[in-house]
Structures are given as C-alpha cells and as structure tokens.
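For reference, the chains in residue letters:
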Amino acid sequence: QVQLVESGGGLVQPGGSLRLSCAAPRNILNINIMGWYRQGLGKQRELVALITTGGNTNVARSVKGRFTISRDNAKNTVILQMNSLRPEDTAVYYCYADLRGSTSNLGEVWGQGTPVTVSS
C-alpha cells in the first residue's frame, strides 16, 4: 500500500559515483528511520546505511568513507551518495523505511530495488 519511489541506479565504472534517491509519500509524517540495504548476486541482503530524523547514522564498514547518507525530512526523502565505487558494490539496492511510530504505523516497508552495476 505504501510505495517508496527509488531512482539513481545504473552502470558505472570503478572509481565512479552514483546518487540514489528514495522518497516516501509526503502525507506520512514522522518517519524516524530511512535508509538503504543491498543484495548482491548469491548473497544475503545487507545493511548499507540508515539515518534517523535527528541525523544519526549507521553505515556499514564496507562503505564507510565512500558512501554518504542524508535526508530531507520535509520531503520524506533519503539520499545515498556513492563515491569511489568498486565492483563488489554491484548489487540491487533497496530503500527502507520504518513507519512504526509515524502517522502511517504500517511497520517496515521496502522499495522495489534499483540495480547498481560497477564494471569496466
């Protein structure tokens, strides 16, 4: 019922950059946690980065220093700036939002996934 709108995935060479965006519906207020997970081929889904309304972040060690997560609370949008991309970053990236405690209160929701391919 709740749709997270993702954009920004694509094909990039090693060392390049991509910017992923994810927007929750504007009428759902007070979403505490938003962020991104990813799932590579033959791998389990793993945390990339999360951010709270207060700006606290949880970033995976594998991407720390290369990826930056931010959000615009007024727009219900979370941004993942991905720099210095490596082939091992290749995965389907899924937007995540925790709606518990928000005006929706529908639990945890996921985007459809946007593919990122890092290759020469």
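Refer to the structure printed above.
Residues numbered from 1 in each chain as written. Predicted model: local features only at pLDDT ≥ 70, side-chain atom pairs only at ≥ 80, totals over all residues. Heavy atoms only, no water.

Caption draft 1: Main features of the pairing of strand 4 (residues 33-39). The buried fraction of strand 4 amounts to five of the seven residues, a majority that puts the element mostly inside the structure. The pairing of strand 4 with strand 5 (residues 46-52) spans six bridges and is antiparallel. By the bridge assignment for strand 5, Ile-33 is matched with Thr-52. Between strand 4 and strand 5, which pair antiparallel one after the other, the connecting turn spans six residues, and Gly-42 there sits at a positive phi close to 75°. The pairing of strand 4 with strand 9 (residues 91-98) spans seven bridges and is antiparallel. Bridge pairing in strand 9 places Met-34 opposite Ala-97. (Buried < 20%, exposed > 50% of the residue type's maximum accessible area, 1.4 Å probe, protein only. Helix = DSSP H or I, 4+ residues; strand = E, 2+ residues; numbered from the N terminus. Pairing = 2+ DSSP bridges.)

Caption draft 2: The sheet that holds strand 1 (residues 5-7), seen in detail. If you walk across this open sheet you meet the four strands as 1-3-8-7, and the pairing is antiparallel. Strands with a single pairing partner mark the edges of an open sheet, and in this sheet they are strand 1 and strand 7 (67-72). Here the average twist between neighbouring strands, direction ignored, is 15°. As defined by bridge partners, strand 1 adjoins strand 3 (residues 18-23) across three bridges and the pair is classed as antiparallel. (Axes fitted to C-alpha atoms, helices over the stretch in contact; angles between N-to-C directions.)

Caption draft 3: Focus on the packing of aromatic side chains. All told, the structure shown has three aromatic pairs when counted by the stated rule. With centroids separated by 5.0 Å and ring planes inclined at 65°, the aromatic side chains of Tyr-37 and Trp-110 adopt a geometry described as edge-to-face. One end of the pair, Tyr-37, is in strand 4; the other, Trp-110, is in strand 10 (residues 108-110), and 73 residues separate them in sequence. Put simply, the rings of Tyr-37, Tyr-96 and Trp-110 pair up and form one aromatic cluster. The aromatic ring of Tyr-94 is capped on one face by Arg-45, whose charged end is 3.8 Å from the ring centroid. (Phe/Tyr/Trp six-rings, centres within 6.5 Å; stacked < 30°, edge-to-face > 60°. Lys NZ or Arg CZ within 6 Å of the ring centre and 35° of its normal.)

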